[in-house]
Every structure is written in C-alpha cells, then in structure tokens.
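Structural features, examined
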Amino acid sequence: MFDKKSYTLYKFHKQLNQSFQNKRELLECALPALRNLFKLDRVYFFDWQQERALLSLRMMCKKEYCMDMQEDISVLNEPVFLKQLLQNGEAETTDLSYPAIYVLVKWQRPSVELKSGEVHSFMQEKVGVLRLERFRKNRGFTPEEKELIKALGQEISHNLRNTEIDQAKNQRLNVSTALNDLSTIFASSLRLNDGLELILKGVQKYFRFDRVRLYLTDGEGNKIKSVLGVDISGQVTQQAGDSLPAAEQNLLKEVFDSAATYRSTRSIIYIPLKVQRTKVGFLAFDNILSRRKVGYLDFISLQQFATQMALTIDNARLFERVQELSNYDELTKLPVRRYFNEKFAEEIYRSKRFDLTMCLIIMDIDWFKQINDGYGHQIGDWALKEVSRVIRTSLRQTDVPCRFGGDEMIIMLPRTNSEEAKIIAKRLKERICAITLPDRYTDGKAVHLSISQGISCFPFDGETSEALLEKADKALYVVKQNGRGSFAVYREVADQVAQAGDGADNARGSQMR
C-alpha cells in the first residue's frame, strides 16, 4: 500500500504524464493541480535570472484559471532568502502578512554554444521558482507539506525537461518541413533569381530575422557578383558586387578563409555556401534592430539548410549555363533561331501593347559561297566569326541578333524607327567592310568582306513576325539585285519589290513559323 506522500506523488505524476507542446501548457496543468492538492489561494511560477538576481513572473493560478504574467522582482537585497532557497530548495517569505513559500525548480533544456567556429550542443540548466500562497494566517505550511511540495517540484522539473526536449524536436521537425517546402518552391522556379528571392523571403518570414542577405560569387568564386537581400518589411533589394564598399567585398575572403562553419561579427552571422571546393557564396543573418538572439535550433537548421541551398544554387547555375549554351550558336556565339523566335514574339507583343516602333534587319555575307569554295570552309568559318564579332560589339544591349542559318543573320531592334535602323545598318556595313581575309590564304590580295541588309519596320511594314520577315527579306532581295554591299528599308524600295515580281516572291518570309 502507498503512504500518503507516495500516493500524492503518484497521482500528480499521472496528471502530468502526457505530452505538452511547450512549458506554458505544462504549467497550466501543474499549477492548478498544486493549488487543489494543498488548498492554495494562489500559485505563481517565476523564471529565475540568477546572473541578474531577478525573479521574472510568468504565470499565476487562482481559483480555476491561470494567467500569463510579466513582472520582474529583484532579490538582490535578499541574501538570506537566496541562501536558504539555494541550500534547502525552499524558503518561506516574511514580506507578506499571510503564509507563502518559495520552491526551487531546476531542469535542463537543449542549447548550443558557438566557439571558434564550432557548434557545441549541450543541455543548459534552467532555474524556476514556485510561490505557493494561503491567505489565512493560521494555515502555515507544515514540514511534511514542505517536503511533499519539494518532491512535487522535482516532478515538475522532470516534466519541464522532457517538454523542452520534445519542443526542441518538434521545432526541428517544423523547421525541416518549412525549409523543405522552401527548397521545393526554389526547385520549381524557372529562373534562379526568382527562386532565390522566394527562398530568402521564406527564411526571413519563418525565422523572423531583421534582415537576410545572400552574397553570390562569380563563376570562379573569386569575388562577389551580386547581393540579394530581404528586410523585415519583406522588401527585396539587389545590388551588384562591384558597387559594394571595400569592407563588404572583403567579406568573401574573411568568411571562406576561416576554417569555421560560420562567422559572427557585430551581431551578424555569416554562413558560407560551398560545394566541395566551389565557393557558391554566403548567407548573412542579423537582428541588429530587434536585438533578438538567434536561437540554437534556428542556427543549426540554417547551417544544414545552407549545405542544401549551396548544392541547389550550384545545380541551378549549371542548368542555366547549359540552357544558355543551348540558346547560342557555338561558332558565332550569337543566339540561335529558337531563342530569337521567343524574344521576337515577346517584343512584338510589347510593341503592340505600348504602341512602340521596332525594326528588323536581315543580312547575309556577300559572295559567301565563293569564299567557302575558293578559300575553304575554314576561312568561311573565320569570316562568320568575324562578322558575328562585329555584330555583337556594334549593337545596343536591348538589340537581339541571331544566326538564322548559314551566313544569314537577323537583328531585332526594339524601340527603333527606320532612320535609327539605317544608322545601325550603316555602322555594321562600314565595320564589316573593314574586315579583310588573312593574306596567307589570298596570295597577298586584299579581300574585303561585305554584307547586304534588308530592313522592315513595325507596325508600318507588318504587325506579325511573318510579315516583318517577309518584308525585310524582300528589301534584302532588292539590295542584292542592285549590286550588294548596301542596305534598304522595305517602304523605300516597295516599288522595286513590285517590279521584281516573282523573284522577290521566292523570299523566305515564312521561315519563322
């Protein structure tokens, strides 16, 4: 048979023998149980901040309900009280006009310590204090009650430890789930920058950092290429690496030269992103404004996520690189027809919507077949490379050139009228005419290259890709009929196109389909 103390402990243990989501939920169960067992008027729970000698009130229970509380009580000037509480595990107060007793509660919770770049997990000791009150002066606490209350306090300590461990595990699981969801979103994004923006917003929102920044390196990992950041308001900022202050540019070397898995300075934590020996970049987290400490679970989760993120970014970069290579002709380094078709359709849509002009140039190298046949395909390839080089270096950033096939090139000129297109065509003509074939292949003769160009304009010459190509090709036909080496706008030679009759009808206008 159980004695009264053992029975009470068993009964109390059964009440607490359940899973609690957090410390608050456990206390909402334990404090009313204590109140009923000892017929108390009020029960309080404090967190004891020993280094500051403060009792921080967290919860108060009276009658049939509990309330969250927030009040700090200094015990700095109570050395006798503190000594008794620490030595005996309980202490009675003389400050009140009714009986009250303080009981020490100790437990451990998972924590982390960051030293010399290493993350050390350990169980951190936490201390709490229960205060039990009876308002009737003649109902003091007997020695037997004090011993039983201390034993029940130990039971609460045991359950607090288990609850903290369970909570940490659940947090880890929730964090892993959240980060996995973010990774899924990232992986499903069609563009690297869009995916990075989504994932940084998710990290900032979930972990509640004041600011999250991602520093990405160039292809060789030698310098910072760009910085993408999200602040507490959700605003996204992007900055080129070249525009960063010198101190911030040096962060790359400082973060990666250290053998540490992280670097912490001025309330900012830096976590490197690398795949084997490849430096992908690094993440920076800070709570400078809120001054909120980064929790150990958050930190460990971010470290694990950093490894996954580095691999994902590296794979995404590789995919974009492969995709980029597939969009460009290997010989000329100009976009291929498929890529050009996509851009051309987008620009026609944009021009229609915003009532913009646009021009199209079709060109080919004059007498290219004779160059191939007379000097060999090696010289033909050299000529194509040189003409393409001039095209790439002579256009604006918004212009889109393309190798359409063989020696044919097409150039799309957004927001350009016919007069501006003629200026560009003249520039290309003059620069390409300055190219001479290597004299070792021409027996010392100066053989210059030349091009013929046909120009059409949106919307005057057509409002579809097929119509614009057809008109530009017919203008090119007229140039060839008139001796080559020049350029013409379709509207200006439309009468000659009509006279040419069937010859112009053989143009390739519908090749964009």
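We now turn to the structure provided with this report. Since we're looking at a predicted model, the values are computed, not measured.

Summing up its helical and strand segments, the protein has 15 helices and 17 strands in all. Looking at the 513 residues of the protein, the share that counts as buried comes to 47%. A sequence separation of at least 24 residues applies to 60% of the contacts in the protein between residues at least 6 apart. Here the protein displays about 27900 Å² of accessible surface, and carbon together with sulfur accounts for 47% of that area.

Sheet strands pair by backbone hydrogen bonding; their relative direction is either parallel or antiparallel. Across the sheet, 5 strands lie side by side as S14-S15-S13-S16-S17; this open sheet has mixed pairing. With one partner strand each, in any of the chains shown, strand S14 (400–405) and strand S17 (487–489) form the two edges of the open sheet. Between one strand axis and the next, the sheet turns by 20° as a mean value, whatever way the strands run. Running at roughly 135° to S14, helix H9 (residues 337–354) makes contact with strand S13 (358–365), S14, strand S15 (408–414) and strand S16 (451–458) of the sheet. In the packing of helix H12 (residues 418–433) onto the sheet, the strands contacted are S13, S15, S16 and S17, and the crossing angle to S16 comes to about 165°.

This part is about the packing of aromatic side chains. Per the stated rule, a full pass over the model turns up 9 aromatic pairs. Taken together, a centroid distance of 6.4 Å and an interplanar angle of 40° make the contact between Phe-46 and Tyr-102 tilted. Separated by 56 residues along the polypeptide, Phe-46 in strand S1 (residues 42–49) and Tyr-102 in strand S5 (residues 100–115) bring together distant segments of the chain. What makes Phe-46 buried here is its relative accessible area of 1%. On the basis of relative accessibility, which here comes to 8%, the residue Tyr-102 falls in the buried class. Ring geometry for Tyr-328 and Tyr-339: centres 6.0 Å apart, planes at 35°, overall tilted. Note that Tyr-328 is positioned in the loop between helix H8 (296–326) and H9 and Tyr-339 in helix H9, a separation of 11 residues in sequence. Classification of Tyr-339 by relative accessible area gives buried; the value is 19%.

Moving on, we come to unusual backbone geometry. Omega for the peptide link from Phe-458 to Pro-459 comes to 5°, which places this bond in the cis form. One can find Pro-459 in the loop between S16 and helix H13 (465–481). The phi dihedral of Lys-333 falls on the positive side, at around 65°, and the residue is not glycine. Along the chain, Lys-333 falls in the loop between H8 and H9. Positive phi is not limited to glycine here, since Asp-355 has a value of about 55°. Within the fold, Asp-355 resides in the loop between H9 and S13.

Two side chains carrying opposite charge are able to pair once their charged atoms lie near each other. As enumerated under the stated definition, the model contains 22 salt bridges in all. In this structure, the salt-bridge partner of Arg-211 is Asp-286, at a minimum N-O distance of 2.9 Å. Placement of Arg-211 in strand S7 (residues 211–217) and of Asp-286 in strand S12 (residues 278–286) is noted, with a sequence separation of 75 residues between them. Using a relative accessible area of 4% as the deciding quantity, one classes Asp-286 as buried. Among the salt bridges present, the one from Asp-461 reaches Arg-491, with a minimum N-O distance of 3.7 Å. With Asp-461 in the loop between S16 and H13 and Arg-491 in the loop between S17 and helix H14 (494–500), this pair connects stretches of sequence that are 30 residues apart. Residue Arg-491 is classed as partly exposed on the basis of its relative accessible area, which comes to 40%. Through salt bridges with shared partners, a single network forms among Lys-23, Asp-47 and Arg-58.

Those residues of helix H10 (residues 368–375) that sit buried are Phe-368, Ile-371 and Asn-372. The buried residues of H10 occupy one face: seen down the axis, they fall within an arc of 95°. Opposite the buried face of H10, at more than 90 degrees from it, the exposed residues are Lys-369, Asp-373 and Gly-374. Looking at the packing, one finds that the buried side of H10 touches S13 and helix H11 (377–394). Gly-376, located one to two residues past H10, shows a positive phi value of around 100°.

Moving on: the pairing of S16. Side chains on a regular strand alternate between the two faces of the sheet. In terms of residue burial, S16 counts as a mostly covered element, since 8 of its 8 residues are buried. Going residue by residue along S16, you find Ile-451, Gln-453, Ile-455 and Cys-457 tucked away on one face and Ser-452, Gly-454, Ser-456 and Phe-458 tucked away on the opposite face as well. Summarising the sheet, S16 and S17 pair through 3 bridges and their orientation is parallel. Within the sheet, the bridge partner assigned to Ile-455 lies in S17 and is Val-489. The β-α-β motif built from S16, the intervening H13 and the parallel element S17 has left-handed crossover chirality.

Turning next to the packing of helix H1 (residues 4–16) against helix H2 (residues 23–37). Direction vectors running N to C along H1 and H2 enclose 155°, while the axes themselves pass 10 Å from each other. When the interaxial angle is binned, H1 and H2 end up roughly antiparallel. Judged by the twist between their axes, the crossing of H1 over H2 is right-handed. Contacts from Thr-8, Phe-12, Gln-15 and Leu-16 of H1 reach H2 at Leu-26, Cys-29, Ala-30, Ala-33, Leu-34 and Leu-37. Considered class by class, the residues forming the contact of H1 with H2 number 8 nonpolar, 2 polar and no charged.

Conventions adopted
Residues numbered from 1 in each chain as written. Predicted model: local features only at pLDDT ≥ 70, side-chain atom pairs only at ≥ 80, totals over all residues. Heavy atoms only, no water. Helix = DSSP H or I, 4+ residues; strand = E, 2+ residues; numbered from the N terminus. Buried < 20%, exposed > 50% of the residue type's maximum accessible area, 1.4 Å probe, protein only. Contact = heavy atoms within 4.5 Å. Areas by Shrake-Rupley, 256 points an atom, 1.4 Å probe, with all protein chains shown as cover. Pairing = 2+ DSSP bridges. Axes fitted to C-alpha atoms, helices over the stretch in contact; angles between N-to-C directions. Phe/Tyr/Trp six-rings, centres within 6.5 Å; stacked < 30°, edge-to-face > 60°. Salt bridge = Lys/Arg side-chain N within 4 Å of Asp/Glu carboxyl O. Arc of directions from axis to C-beta. Right-handed = clockwise from strand over helix to strand, strands pointing away. Parallel < 35°, antiparallel > 145°, perpendicular 65-115°, else oblique. Left-handed = near helix turned anticlockwise from the far one by under 90°. Nonpolar A, V, L, I, M, F, W, Y, C, P; charged D, E, K, R; others polar.

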